Amino acid sequence: MWSCHPLYSLQLAIIEYLEETRPLPPLLPKDPIKRAQCRMLSDHITSGIQPLQNLFVLQKVGDGKLEWAQYFIMKGFQALEMLLQETSGKYCVGDEVTMADLCLVPQVANADRYKVSMTPYPTISRINEALLQLEAFQVSHPSVQPDTPQDFQA
């Protein structure tokens, strides 16, 4: 999920495809309200936060790229924190891992990468920490991928 592609929201289409063709484990809740919440959170992260600080955009921003990335991550996390206070249980939507959780972990990794303090976002931090206890998230974390820049490797 460590993407620098400007069309990062393609990730959601891929996840939806996997949900339809390989439904176990489910990545969308069965309950229609929770499904909508999951999609809302996923879209907020992949369309409202991530694209504004991916490498393609930051190359165009130039010298102020750190401040740019921090600003848009913090702005997006402020809204996400409020949303998660309404939807979360152990994870983003209740107590089962969903598509929203798949989107959250790499975005928190980007926040770390761009030195964003997570102190104002206790719900995001709590969920991220819970997800990082799961093997699937440990082995797929951006910091352990072969194409991760040396400075950000675990």
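Here the structure is a predicted model, which means the values were calculated and not measured.

Visitor: Explain helix 4 (residues 65-87) to me, please; I cannot follow it from the model alone.
Guide: Since there are 3.6 residues in each turn of an α-helix, residues three or four apart along the chain are aligned in direction. With 23 residues, helix 4 should reach 33 Å at 1.5 Å per residue; the first-to-last C-alpha distance of 32 Å fits that figure. Every buried residue belonging to helix 4 is among A69, Q70, I73, G76, F77, L80, E81, L84 and T87, and all of these are buried. On the buried face of helix 4, the contacting elements are helix 2 (32-49), helix 3 (55-61), helix 5 (99-113) and helix 6 (122-131).

Visitor: What's the story with the packing of aromatic side chains in this structure? I'm lost.
Guide: Following the criterion strictly, the structure yields three aromatic pairs and no others. Taking 4.9 Å as the distance between ring centres and 85° as the angle between the ring planes, the aromatic pair formed by Y71 and F72 counts as edge-to-face. For the ring pair F77 and Y121, a centre distance of 5.4 Å and an interplane angle of 75° mean the geometry is edge-to-face. Note that F77 is positioned in helix 4 and Y121 in the loop between helix 5 and helix 6, a separation of 44 residues in sequence. The exposure classification of F77 matches that of Y121, with both residues buried. Joined through ring pairs, the aromatic side chains of W68, Y71 and F72 make up one cluster.

Visitor: How should I be thinking about the layout of surface pockets in this particular structure?
Guide: Think of a ball as big as a water molecule: rolled over the atoms, this probe shows where empty space is left. Estimated volume of the largest pocket: approximately 470 Å³. Counting residues per element, the ones that place at least two in the lining of the largest pocket are helix 1 (10-21) and helix 7 (135-140). The dominant element in the lining of the largest pocket, judged by the number of residues it contributes, is helix 1, at four residues. A per-class count over the lining of the largest pocket returns 15 nonpolar, three polar and four charged.

Visitor: Got a minute to help me understand the pattern of salt bridges in this structure?
Guide: Oppositely charged side chains can pair when the atoms bearing their charge come close. Across all of its chains, the model carries one salt bridge by this definition. Among the salt bridges present, the one from E16 reaches R39, with a minimum N-O distance of 2.8 Å. Separated by 23 residues along the polypeptide, E16 in helix 1 and R39 in helix 2 bring together distant segments of the chain.

Visitor: Any chance you could explain unusual backbone geometry here in plain terms?
Guide: Leave glycine aside and you will find that most residues have negative phi; peptide bonds, for their part, are mostly trans. The step from L24 to P25 runs through a cis peptide bond, and the omega angle for that step is -5°. Structurally, the position occupied by P25 is in the loop between helix 1 and helix 2. If you check the backbone angles, K115 has positive phi at about 60° while not being a glycine. Within the secondary structure layout, K115 lies in the loop between helix 5 and helix 6. Residue K115 is classed as exposed on the basis of its relative accessible area of 63%.

Visitor: Explanation requested: the nonpolar core in the structure shown.
Guide: Considering soluble globular proteins, one finds that nonpolar side chains tend to be buried as a cluster. Counting 34 residues, the largest nonpolar core has F77, L80, C92, L104 and I124 as the members making the most contacts within it. Going through the elements one at a time, helix 1, helix 2, helix 4, helix 5 and helix 6 are the ones with two or more residues in this core. By residue number, the principal contributor to this core is helix 5, which donates eight residues. When residues no more than four places from it in sequence are discounted, the contact partners of F77 are I49, Q107, V108, A111, M118, Y121 and I124.

Visitor: What is the right way to read helix 2 from this model?
Guide: In this model, helix 2 (18 residues) spans 25 Å end to end at C-alpha, consistent with the 26 Å of a helix rising 1.5 Å per residue. Restricting attention to buried positions, one finds in helix 2 the residues C38, L41, S42, H44, I45, T46 and I49. Elements in contact with the buried residues of helix 2: helix 1, helix 4 and helix 5. The residue sitting at the N-terminus of helix 2 and contributing the capping side-chain oxygen is D31; that oxygen lies 3.1 Å from the backbone nitrogen of I33.

What counts as what
Residues numbered from 1 in each chain as written. Predicted model: local features only at pLDDT ≥ 70, side-chain atom pairs only at ≥ 80, totals over all residues. Heavy atoms only, no water. Helix = DSSP H or I, 4+ residues; strand = E, 2+ residues; numbered from the N terminus. Expected span 1.5 Å × (residues − 1). Buried < 20%, exposed > 50% of the residue type's maximum accessible area, 1.4 Å probe, protein only. Contact = heavy atoms within 4.5 Å. Phe/Tyr/Trp six-rings, centres within 6.5 Å; stacked < 30°, edge-to-face > 60°. 1 Å grid on protein atoms, 1.4 Å probe; cavity = no way out; pocket = protein on both sides within 12 Å on 5 of 7 lines; lining within 4 Å. Points joined across faces, edges and corners; volume = space filled by probe spheres on them. Nonpolar A, V, L, I, M, F, W, Y, C, P; charged D, E, K, R; others polar. Salt bridge = Lys/Arg side-chain N within 4 Å of Asp/Glu carboxyl O. Core = buried A, V, L, I, M, F, W, Y, C linked by side-chain atoms within 4.5 Å. Polar contact = N/O pair within 3.5 Å; in protein donor to acceptor, adjacent residues only side chain to side chain.

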